[in-house]
Structure formats: C-alpha cells, structure tokens
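Fold and contact review
Listed below are the residues making up each chain.
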Amino acid sequence: MRVVLLGPPGAGKGTQASVLIKKYKALHLSTGDLLREAVKLGTAVGKEAKTYMDRGELVPDEIVARMITDKLRSAPTQNGFLLDGFPRTGKQAEILDAALAELSLPLELVIYFETGAATILSRLTGRRVCRQCGANYHVVNIPPKKAGVCDACGGELYQRTDDQEATIKNRIEVYNRQTKELIDYYQAKGLLKKVSGDLEVEQLFGIVSGVLKSAGLV
Ligand code: AMP
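These remarks concern the structure in this document. (Residues numbered from 1 in each chain as written. Predicted model: local features only at pLDDT ≥ 70, side-chain atom pairs only at ≥ 80, totals over all residues. Heavy atoms only, no water.)

Things to note about the site of the ligand
Around the ligand, a shell composed of 16 residues is seen, among which Thr31, Arg36, Glu57, Gly85 and Gln92 lie nearest. Between the ligand and the protein, one listed contact pairs a nitrogen atom with a backbone N or O atom of Gly85 at 2.9 Å. One nitrogen or oxygen atom from the side chain of Gln92 is found 2.9 Å from a nitrogen atom belonging to the ligand. Protein burial of the ligand: of its 480 Å² of free accessible surface, 96% is covered by the chains. Among the elements that make up the shell around the ligand, the one with the highest residue count is helix H2 (residues 31-41) (four residues). (Near = heavy atom within 4 Å. Polar contact = N/O pair within 3.5 Å; in protein donor to acceptor, adjacent residues only side chain to side chain. Areas by Shrake-Rupley, 256 points an atom, 1.4 Å probe, with all protein chains shown as cover. Helix = DSSP H or I, 4+ residues; strand = E, 2+ residues; numbered from the N terminus.)

This is the structure we're talking about:
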C-alpha cells in the first residue's frame, strides 16, 4: 500500500497508522515523529524545526520534504508506506508527487479523516506521549495500564508542548489555511476516500481496513 493519511491534528492519523502497520507491515513515515526525534537529538534541523513546532506553525517545506524523500529513497518500501502528517501544503504534495514518480512508486490512496472540532480538542488536550519510544496514549480514550508510564517500554509519558490549548488553536488555524486545500488536490486526482475521524480507535480501524481492502491494497 502506498497511502497518505490526511486530516487535522487530533484526527487519529498517528494512532491508526501504528495499528495499521502492526497488521500490514508497511513503513510508517510521520514527519511529526521524525522532527521530534531531530529535536530530541539536538541536530541542526531539530534546532531550526523546534522554533516553528513550539508555535504550532509549519516547518519550512524544504526541510520536511527532504526528510521524507530521503527516507523514501533509503528505507524499505516493498510493503508500501503510510505517510502521516505529510504532505501538509500544496508545495509538499508536488514535491512528493515528483519524488514518487522518480521512484516509480505512485500514491494509490489518500484517506481523509474528517473530524469535528470537539473531537480534535479533547484528543489533543488528553494526549500523552512516551518520551522514550513515542507511543501515543490518551488520558481517557487510551489510558496506559499505569498512569504516566508507557505500557510498551516503561518510558515516562509527557504532554507535548504544542498540545497546550493556545498552540492547539493555532495548529487548527494553520491546518485550515495551509493543509485543507489538499482535500481538493487529491479529490481531483481521484485518490481521496473519506472516513470519520470522530470514531473511536477500534471502529475506525475496521472502517480504514475496509477502505484499504476495497481499494485492493491489502
Ligand atoms: P504532528 O505530530 O503531525 O502533529 O506535527 C507536529 C508539528 O511538527 C507540526 O505542528 C509542525 O510544526 C511540524 N510538522 C509535522 N509535519 C509537518 C509537515 N509535513 N510540514 C511542516 N511542518 C510539519
């Protein structure tokens, strides 16, 4: 499968991606995860990216596009890939199209997670992330077995700086201003399938799996 997961922050793209790759073994590429890793390592890219991420703004196209195209060229893509949080602008979508054409790996499907404002807010304010392995939890919807501790690796759970309410508002505005237009872009290419991001994890996973099956991708 060569699939893009598209939708606002808090739509559940990352959660679905991690369940999907467990079952279907595709490569999960999340620009948010790659950037957070770069920040943690203190690389030059990480230092530059952090100033944008903390404000809920988008990191410049050239930086994220290079991260993704480098990965697509070097990582194993024989079982396909799931792009999560990329592309986020028209420019990124064009860079992606060109890179995939060059690799003869054209996109097969874009799944758009249509999600209401109340869901977005409650998902993001309740989200907790493992400092060590990056696994995602939610204080109510996906609680860890032991509060504040990752089930998978025992790492400490924290709240992302950009999951504070003021930054969330800006991220949603940025999505509406810069990313939403990709719905029309992929619709025009005949690649878009819409699902409801408001559903809970299990139910949405069933629907997303159904969409992948109908498209002949799994
Ligand atoms: P996410 O984990 O997808 O919510 O991304 C967290 C933050 O990383 C975003 O608010 C942006 O600052 C940055 N980011 C992630 N993906 C991209 C992208 N494709 N383009 C620009 N910035 C991005």
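Describing the environment of Lys189
Within the element layout of this structure, Lys189 appears in the loop between helix H8 (182-188) and strand S8 (192-196). Counting along the chain gives 80 residues from Lys189 to Leu109, while the straight-line C-alpha distance between them is 9.9 Å. At 3.4 Å, the side chain of Lys189 forms a polar contact with the side chain of Asp97.

Overview of the environment of Leu29
Structurally, Leu29 can be placed in strand S2 (residues 27-30). Taking the C-alpha atoms as reference, Leu29 lies 9.0 Å from Ala17; in sequence the two are twelve residues apart. In this view, Leu29 contacts Ile68, Lys71, Leu72, Leu82, Leu83 and Asp84; residues no more than four positions away in its chain are not counted. (Contact = heavy atoms within 4.5 Å.)

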